[in-house]
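Letter by letter, the chains look like this.
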Amino acid sequence: MARILITSALPYINGIKHLGNLVGSQLPADLFARYMRQRGHEVMFICATDEHGTPAELAAAKTGEEVADYCARMHGEQAELADGFRLSFDHYGRSSSDQNRALTQHFAGKLADNGFIQEVSEKQVYSNADGRFLPDRYIEGTCPNCGYDRARGDQCENCTKQLDPTDLIDPRSAISGSTDLEVRETKHLYLRQSAMKDEIDQWIDSQKGWPVLTTSIAKKWLHDGDGLQDRGITRDLKWGVPVKKGGDDWPGMEGKVFYVWFDAPIEYIAATAEWADANGKTDADWERWWRTDKGADDVRYVQFMGKDNVPFHTLSFPATIMGSREPWKLVDYIKSFNYLNYDGGQFSTSQGRGVFMDQALAILPADYWRWWLLSHAPENSDSEFTWENFQASVNKDLADVLGNFVSRVTKFCRSKFGEVVPDGGAFGAQEDALIAELTTRIRAYEEHMEAMEVRKAAGELRAIWVAGNEYLQSAEPWAKFKTDPEAAAAVIRLSLNLIRVYAVLSRPFIPDASAALMEALKTGDDSWPDDVAAALSALPVGHEFTVPDVTFRKITDDERVEWEAKFAGGRD
RNA sequence: GGGCCUGUAGCUCAAUUGGUUAGAGCAGAGCGCUCAUAACGCUUUGGUUGGGGGUUCGAGUCCCUCCGGGCCUACCA
């Protein structure tokens, strides 16, 4: 039994996430966590909302709430949706927690002690009307290069030229539109990543088998231009972790907070501490996951994230941990994903384009989404959601191949033998062949799941479902029943057991359907089919069951058309 | 501008990292079955691997070039 620490990238607090966000981190992380638990490993699966930063403040201002209230409310909503999608976090924390505040300040203090923090004085744009410093991209104006009048302070979206906010002609606040801006001097802390460049580089080099996506992004940042740059880790905001050196004040940093990307990854650790506190555990209980001097040296730590998060997880967060010179656990494997697009374009939170988590659950149960998203996970390149593809995949895979198999077996049994595992007959060559095929396929499925090859695992699982239909077709219990009812009974006995095996194998992908099947079979035996032949006799002769309701219904053409129109853009 | 990824059947994707005749699923066509959610099974059509050039005994895979798609580019998170 191994110990596996799994973290999913933290969803940002300012609104409900869309399916692209879901499939990029939380959902595959959940698949892996569920599988590993099922195989008997000790799993700690951690996620949290990422609550600090300018966008959270602005979102709260828009609703008229205090930012803390806004975050608390949105955390509740996101947690409820995570539950709706059956994301099996051991703890769903909040980066605004006391635990994260203390840990973030602790790390900053250690980094300062070890000479990895530098104070830098810089000039930044301050908006008098908004009463705040403005991040570059929150300043708009006319591009000096192409004349586009809505260029942002970091880059012109029209001509793609990189800009400095002071380059803009007629600059204004993107928040209020105010032109009452001034450049002010302000002091910030920088994390001296450049001083740890070689250390990080060697660490990346020592990792084997990481996705190309992960290492290529890390290498780019390490070696591009002058190499890894130092990064500002403080901001002039009210909402965030106050800048402190451990428990002490930090002279000159009064009123400033840490940059969200500094405190957000630390929340992985802090959320585990939150888990301990919430469950009456001790510090030792969470430290054994994170401190290599306190039991975490045998932990395997896997992170899941979209590609936009990779630089922070391969560089900044490792730099934070390494620079502390304390024995914190570094990540062992980073599984990164490309983007899921929506029907020819991108999902867009701002334009309300695409399907959002709450909307998805309002029209279909979680398993439909889980299956489609995971079986089409953007592992090698960006992938695309279309309603036509969604309808076809769900109807074929879930309703026809899996659901209908359950239906034909249970209903045939009920009509011929009653709702009970029938006695009589014996297994022969066909059954041996099926067991051999299933054994091969289940071993392949296990390998793909271990390797986090999500699409391949889904494909293998589907093939396992298909094998049941092939077997039934060739075994023809309906024909056998006419001449040799006991032979038909043997076929059905095996097939009923196969449903249990399917429920067990499919659980990481479709947990609700899996639970429904187990309930219909009136069994709590969720043992993994290490020995397929044995697994196919787990439900003994005489064991009662009930014919389940339709496991997966089909999506109709009318629904598809309706949803296509409804989600084309303009969320209410 | 720079960097990375990507382009394979109508669609969604594979191809053991340079090795026989490029494979699956869906869609299409034909046949079979009748237990089942008009479901299932079998067979089958379909590809000059974006174009061109090169290296090699051998290229989807490596190199060059052109064309198309995407992402990142450090103050959004």
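These numbers come from a predicted model, not from an experiment. (Residues numbered from 1 in each chain as written. Chains lettered and ligands numbered in written order. Predicted model: local features only at pLDDT ≥ 70, side-chain atom pairs only at ≥ 80, totals over all residues. Heavy atoms only, no water.)

> Where do I start with the protein's contact with RNA strand B in this structure?
Around RNA strand B sit 54 residues in total, of which Arg 137, Gln 346, Asn 380, Asp 382 and Asn 404 are the nearest. Taking all atoms of RNA strand B within 4 Å of the protein, the share assigned to sugar and phosphate is 69%. Measuring from a phosphate oxygen of RNA strand B, one finds a side-chain N or O atom of Arg 231 at 3.3 Å. One nitrogen or oxygen atom from the side chain of Arg 462 is found 3.4 Å from a sugar or linking oxygen belonging to RNA strand B. Among the elements of the structure, α2 (54-63), β4 (117-127), α6 (212-223), α7 (260-278), α12 (387-416) and α14 (454-475) are those that each provide at least two residues to the surface near RNA strand B. (Near = heavy atom within 4 Å. Polar contact = N/O pair within 3.5 Å; in protein donor to acceptor, adjacent residues only side chain to side chain. Helix = DSSP H or I, 4+ residues; strand = E, 2+ residues; numbered from the N terminus.)

> Sorry, what's going on with the side chain of Ser 25 here?
Checked against the element boundaries, Ser 25 lands in helix α1 (residues 19-38). Not counting the four nearest positions on each side in its chain, Ser 25 is found in contact with Ser 8, Ala 9, Phe 304 and Met 305. (Contact = heavy atoms within 4.5 Å.)

> What is the right way to read the sheet that holds strand β1 (residues 3-8) from this model?
Neighbouring strands of a sheet are bound in pairs by backbone hydrogen bonds; such pairs are parallel or else antiparallel. With parallel pairing, 5 strands are arranged side by side in an open sheet as β3-β2-β1-β15-β16. Of all the strands in the sheet, just β3 (91-94) and β16 (333-337) have a single pairing partner and so form its edges. Averaged over all adjacent pairs, the angle separating strand axes in this sheet is 20 degrees, with direction ignored. The pairing of strand β2 (residues 42-49) with β3 spans 4 bridges and is classified as parallel. Residue pairing in the sheet places Ile 46 in a bridge with His 91 of β3. Taken strand by strand, α7 contacts β1, β2, β3 and β15 (299-306), and its axis lies near 115 degrees from that of β3. (Pairing = 2+ DSSP bridges. Axes fitted to C-alpha atoms, helices over the stretch in contact; angles between N-to-C directions.)

> What is the right way to look at the sheet that holds strand β19 (residues 383-385) in this model?
Reading across from one edge, β18-β17-β19 is the order of the 3 strands in this open sheet, with mixed pairing throughout. The open sheet has two free edges, formed respectively by β18 (345-346) and β19, since each of these has just one partner strand. Bridging between strand β17 (residues 340-342) and β19 involves 3 bridges; their strand directions are parallel. When the sheet's bridge partners are listed, Leu 340 is paired in β19 with Ser 383.

> I tried to follow unusual backbone geometry on my own but got confused; where do I start?
A negative phi holds for most residues other than glycine; trans holds for most peptide bonds. A positive phi is found at Arg 86, a non-glycine position, where the angle reads about 65 degrees. Structurally, Arg 86 is set in the loop between α3 (67-84) and β3. Classification of Arg 86 as partly exposed rests on a relative accessible area of 31%. The backbone of Glu 476 shows a phi angle near 45 degrees, a positive value even though the residue is not glycine. (Buried < 20%, exposed > 50% of the residue type's maximum accessible area, 1.4 Å probe, protein only.)

> Looking at this model, I keep getting lost on the packing of α7 against helix α8 (residues 283-290). Mind explaining?
For any two helices packed against each other, one specifies the inter-axial angle together with the distance between the axes. Orientation of α7 relative to α8, taken along the N-to-C sense of each, is 150 degrees, at an axis distance of 8 Å. Put simply, α7 runs roughly antiparallel to α8. Seen from above, α7 lies across α8 with right-handed handedness. Contacts between α7 and α8 involve Tyr 268, Ile 269, Thr 272, Ala 273, Trp 275 and Ala 276 from the former and Asp 285, Trp 286, Trp 289 and Trp 290 from the latter. When grouped by side-chain class, the residues that make up the contact of α7 with α8 number 8 nonpolar, 1 polar and 1 charged. (Parallel < 35°, antiparallel > 145°, perpendicular 65-115°, else oblique. Left-handed = near helix turned anticlockwise from the far one by under 90°. Nonpolar A, V, L, I, M, F, W, Y, C, P; charged D, E, K, R; others polar.)

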